[in-house]
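Structural characterization, general
Chain residues, written in single-letter form:
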Amino acid sequence: MPVMAGASSLGNLVGAIGIREEESAIVAELKAGSEEAYAWLIGEFHQPVYSLVYRMVSDPADAPDTTQEVFLKVFRGMKHFHGESSLKTWIYRIALHEASNRRRWWFRHKSRETSIEPLEADAASTSSALRDCLADDAESPFDRFAHEEVRTRVEEELRRVAEPYRTTVILRDLEEMSYEEIAEVTQVSLGTVKSRLTRGRQALKERLTAYAREVSPALGLRDQQPRVAPRSETPAAGRRCQVGS
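As annotated in an unreviewed UniProt entry, the protein chain is RNA polymerase, sigma-24 subunit, RpoE from Candidatus Sulfotelmatobacter kueseliae. In the Sequence similarities (unreviewed entry) part of its UniProt record, the protein chain is described as follows: "Belongs to the sigma-70 factor family. ECF subfamily."

What follows is the structure in structure tokens.
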């Protein structure tokens, strides 16, 4: 068993070294201005970065421009990347920074504006973006509609969870990053990551509890909360309570 465990650890180490060497080669190509390397970078990271930014910004319509700004910062800053962290971590850190800047700008300026666009158009745009990013084409029309409605509501409530808890939930539960990666991206300790994740999940759960109870019957889900009969409904002494028919 110790031999197998040692072999497994060695294999992981060799794999990690191989990944770092491959990444170093890619970074060298990027710094040299290789168009193929930049095409690979966009193909590899555009969708994950867009998905992250979409969930971070206050207005989903800002996601495309913010994502573009992220990659401009990546391209311009590549010469300053020296491998202290992984390429993914570095890019995600830039994405979080740009999304946070856009959120601050939105609260200072855009939130005060009154849109002249029809509300239906905004809803259609948001729904389309969510469908493109999250929908499963194999679902039935009803399931697709129901799941899209739930996803939309979750996205809305997640945007209302306070920072930095919201970011931690997004990185862990939606982007599926490890605790170590989140700690590196957000530059905090593992303990802080776990604490923020717990508080963020609890905050989101509290925001969604009433909605979950509302839609559970329509989706064929059972309410798992035990039902306790009020004291006034307790059978009186000496009387029989008939159950069933």
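1. Notes on the side chain of threonine 67
Looking at the secondary structure, you find threonine 67 in helix H3 (residues 63-77). Excluding anything up to four places from it in sequence, threonine 67 contacts His46, Val49, Tyr50 and Val53.

2. Quick look at the environment of serine 189
As for its placement among the helices and strands, serine 189 is situated in the loop between helix H8 (179-186) and helix H9 (190-215). Judged by relative accessible area, serine 189 falls into the partly exposed class, the value being 41%.

3. Describing the packing of aromatic side chains
For any pair of aromatic rings, geometry is given as the distance between the ring centres together with the angle between the planes. Applying the stated rule across the entire model yields five aromatic pairs. With a centroid separation of 4.7 Å and 90° between ring planes, the pair formed by tyrosine 38 and phenylalanine 75 is classed as edge-to-face. Placement of tyrosine 38 in helix H2 (residues 35-56) and of phenylalanine 75 in helix H3 is noted, with a sequence separation of 37 residues between them. Within the aromatic cluster, the residues linked to one another by ring pairs are Tyr38, Phe71 and Phe75. The ring of tyrosine 179 has arginine 172 sitting right over it, with the charged end atom 4.3 Å from the ring centre.

4. What to know about H2
Taking 1.5 Å per residue, 22 residues should reach 32 Å; H2 reaches 29 Å between its end C-alpha atoms and fits that length. The sharpest bend along H2 measures roughly 45° and falls at phenylalanine 45, with the proline proline 48 sitting one to four residues further on. Listed as buried for H2 are Ala37, Tyr38, Leu41, Phe45, Val49, Tyr50, Ser51, Leu52, Val53, Tyr54, Arg55 and Met56. Measuring from the side-chain oxygen of the N-cap residue of H2 to the backbone nitrogen of glutamate 36 gives 3.4 Å; that N-cap residue is serine 34.

What counts, and where the lines are drawn
- Residues numbered from 1 in each chain as written.
- Predicted model: local features only at pLDDT ≥ 70, side-chain atom pairs only at ≥ 80, totals over all residues.
- Heavy atoms only, no water.
- UniProt positions renumbered as here; feature names shortened; annotations may be inferred.
- Helix = DSSP H or I, 4+ residues; strand = E, 2+ residues; numbered from the N terminus.
- Contact = heavy atoms within 4.5 Å.
- Buried < 20%, exposed > 50% of the residue type's maximum accessible area, 1.4 Å probe, protein only.
- Phe/Tyr/Trp six-rings, centres within 6.5 Å; stacked < 30°, edge-to-face > 60°.
- Lys NZ or Arg CZ within 6 Å of the ring centre and 35° of its normal.
- Expected span 1.5 Å × (residues − 1).
- Bend = angle between axes of the 7 residues up to and from the residue.
- Polar contact = N/O pair within 3.5 Å; in protein donor to acceptor, adjacent residues only side chain to side chain.

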